[in-house]
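A look at the structure
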Amino acid sequence: MRAYGELNREELLAMKQEVEASYEEARGKGLKLDMSRGKPSKKQLDLAEGMLTVISSNEDCMAEDGLDCRNYGGPVGIPEARRFMGDIMGVPMDQVIVCGNASLTIMFDTVSRSFTHGVLGNTPWSKLDRVKFLCPVPGYDRHFGITEYFGVEMINVPMTPEGPDMDLVEKLVAGDESIKGIWCVPKYSNPQGISYSDETVRRFASLKPAAKDFRIFWDNAYCIHHLYEEAEKQDQILNIIEECEKAGNPDMVYEFASTSKVSFAGGGISAVASSKANLEEIKRHMNYQIISHDKINQLRHVKFFRDLEGVKAHMMKHAAIMRPKFETVVSVLEKELGGLGIGSWQMPKGGYFISFDAMPGCARAIVARAKEAGLVMTGAGATYPYGKDPEDSNIRIAPSLPTPEELAVAADIFVLSVKLVSLEKLLE
Ligand code: PLP
């Protein structure tokens, strides 16, 4: 396979004609495929069927401390749910608040509270001229959406294979008091599937920010979402809460997690873990916001999964469904694009996405071509703040929703779109 960059103009034109014919053939099939969002497939959702019946009588509704989950009370979550979510994050239960059906809400509320009331006695962010956040890129569009909504100025920080570029993070937070936070997906990151190295986690814990109210938003959304069963094929990261305590920065981090891609997407339970001082502040504000979250949902999660071992075993059932999908996409990419020099990607060991980097200036056109042929992908640029990928290169592939058969077809359409747009670019 010769790299496209080595072909002369005539060869490129001939290649384009060939690819165009295959693309038109695919387009003519009138397909309707969706690889746009990281939604679990029906098969994955079916795995949690038992949760629908695990509470089936009045007697089933009591928490271990005797609280009736059908009634108000237990604003920080029932004890067994706090222990369960704490075990998932590796944090003692008294450092965990279990909330409602989605972790994104807790993240939104955390930013919102910082704007209206400030963080631990510091000036509310709304009273400051400028508030900035660091955004490791490519990253999760909904994180960037929250900070954009509040008018936060977002600064791109490139990802490396070990996590965000820490030289840059350290320099920026030390030198600018208006930098108030950073979005992190430390394990199987969205979209690259990168897990932060021990050094990265330690450097995060030891940050010396100019802003006293700087906070790390540690969204451990994929902490138990391995694709492989073998221990050596599973990433493990250091515990940020412990590392921050050791470094004398216990208040610098909020850790978030949920069971959205464990039980039901948007119907799971969510949690925040942090220092005592931060949790007290969260509780104080929550007191005005809600009387108590859905404890029946908390209880049925614990009854269904039982404990950390139970949920880990459940995640292996997810892995058995997800792994072949990831492998299908990556094998099509390797077979069709390997050696052509028109894109790069990695096979992640967990999470929900595969990140594809096209030749600069090609991502939007590739996504548009795929759409014309019936394949909806995540919008190009979505993995960057303000939807602006400066290189117009990154595309997020979400293989979870289609069936394996659909996925093979979708991957074919994708590689044809990549080839076609790259050839057009090289012929400009
Ligand atoms: N965090 C990350 C990194 C995600 O990728 C997602 C969903 O794709 C979420 C959070 C959403 O979680 P929840 O449903 O708990 O709000």
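Residues numbered from 1 in each chain as written. Predicted model: local features only at pLDDT ≥ 70, side-chain atom pairs only at ≥ 80, totals over all residues.

Within an unreviewed UniProt entry, the label attached to the chain reads Aminotransferase, and the organism entered is Wansuia hejianensis.

1. So, the nonpolar core
Stated formally: Put simply, a nonpolar core is a cluster of buried Ala, Val, Leu, Ile, Met, Phe, Trp, Tyr and Cys residues tied together by C-beta atoms within 7 Å. We call a residue exposed when 12 or fewer other C-beta atoms sit within 10 Å of its C-beta, buried when the count reaches 20 or more, and partly exposed for counts in between; the C-beta positions come from the backbone. Domain borders in the structure are assigned automatically or taken from a domain database. By the convention adopted here, residues make contact when the C-beta atoms placed from their backbones lie within 7 Å.
Grouped together as the largest cluster of nonpolar side chains are 121 residues, with contacts concentrated most on Met85 and Ala271. Here this core spans two domains, and each of domain 1 (4-44 + 313-426) and domain 2 (62-306) adds at least three residues to it. Discounting chain neighbours no more than four positions away, the residues touching Met85 are Val96, Val98, Ala257, Ile269 and Ala271.

2. Details of the site of the ligand
Here is the rule we go by: Using a C-beta atom placed from the backbone for every residue, we mark a residue as near a molecule or strand if that atom lies within 6 Å of it. For this scheme, ten residues count as nonpolar: Ala, Val, Leu, Ile, Met, Phe, Trp, Tyr, Cys and Pro. Four count as charged, namely Asp, Glu, Lys and Arg, and the remainder, Gly too, count as polar.
Lining the immediate surroundings of the ligand are 13 residues, of which Ala102, Ser103, Leu104, Ser258 and Ser260 lie closest. Its residues placed into classes, the shell around the ligand shows 5 nonpolar, 7 polar and 1 charged.

3. Looking at the sheet that holds strand S13 (residues 394-397)
Heads up, the condition is: Between any two strands, pairing holds if DSSP finds at least two bridges. Helix numbering and strand numbering both begin at the N terminus, where a helix is a DSSP run of H or I of at least 4 residues and a strand a DSSP run of E of at least 2. Between N-to-C directions, angles span 0 to 180 degrees; the directions come from axes that are lines fitted to C-alpha atoms, helices contributing only their stretch in contact.
Ordered in space as S10-S11-S13, the 3 strands form an open sheet in which the pairing is antiparallel. Whereas interior strands pair on both sides, the edge strands pair on one side only; in this sheet they are strand S10 (343-345) and S13. Each adjacent strand pair in this sheet contributes to an overall mean axis angle of 25°, direction not counted. Across 4 bridges, the pairing between strand S11 (residues 354-358) and S13 is antiparallel. Bridge pairing links Ile354 to Ile397 in S13. Its contacts with the sheet put helix H11 (residues 308-337) on S10, S11 and S13, and the angle it makes with S11 is roughly 20°. Sheet strands touched by helix H12 (residues 363-372): S11 and S13. Its angle to S13, the strand with the most contacts, is close to 40°.

4. Description of the domain arrangement of the chain
On domain assignment, one finds that the chain holds domain 1 (4-44 + 313-426) and domain 2 (62-306). Spacing between the C-alpha centres of domain 1 and domain 2 amounts to 31 Å. Residue-level contacts link 24 residues of domain 1 with 29 residues of domain 2. Taken together, the elements giving at least two residues each to the side of domain 1 that touches domain 2 come down to H11 and S13. With 7 residues, the top contributor of residues to the side of domain 1 that touches domain 2 is H11. Taken together, the residues of the side of domain 1 that touches domain 2 break down into 13 nonpolar, 7 polar and 4 charged.

5. Considerations on the sheet that holds strand S2 (residues 96-98)
With mixed pairing, the 8 strands of this open sheet are ordered in space as S2-S9-S8-S7-S6-S3-S4-S5. The outermost strands of the open sheet, each flanked by one partner alone, are S2 and strand S5 (163-164). As paired elements, S2 and strand S9 (residues 270-273) share 3 bridges and run antiparallel to each other. Note that in S9 the partner of Ile97 across the bridge is Val272. Lying over the sheet, helix H3 (residues 79-89) contacts S2, strand S8 (253-258) and S9, oriented at roughly 120° with respect to S2.

6. Some thoughts on helix H4 (residues 103-117)
To keep things clear, this is the line we draw: Here the expected span of a helix is defined as 1.5 Å times the quantity of residues minus one.
Here H4 contains 15 residues, and its C-alpha end-to-end distance of 21 Å stays within 8% of the 21 Å for a straight helix at 1.5 Å per residue. Of the positions making up H4, those classed as buried are Ser103, Leu104, Ile106, Met107, Thr110, Val111 and Ser114.

7. Points about the packing of helix H1 (residues 9-28) against helix H13 (residues 404-426)
Two quantities define a packed helix pair, namely the angle between the axes and the distance from one axis to the other. Condition: Whether a crossing is left-handed or right-handed is set by the direction in which the near helix is turned from the far one by less than a right angle, anticlockwise for left-handed and clockwise for right-handed.
H13 packs onto H1 with a crossing angle of 145° between their chain directions and a minimal axis gap of 9 Å. At the point where H1 passes H13, the crossing takes the left-handed sense. In this structure, H1 contributes Leu12, Met15, Lys16, Val19, Glu20, Ser22, Tyr23 and Ala26 to the contact, and H13 contributes Asp412, Ile413, Leu416, Lys419, Leu420, Leu423 and Leu426. In the contact of H1 with H13, the residues fall into 10 nonpolar, 1 polar and 4 charged.

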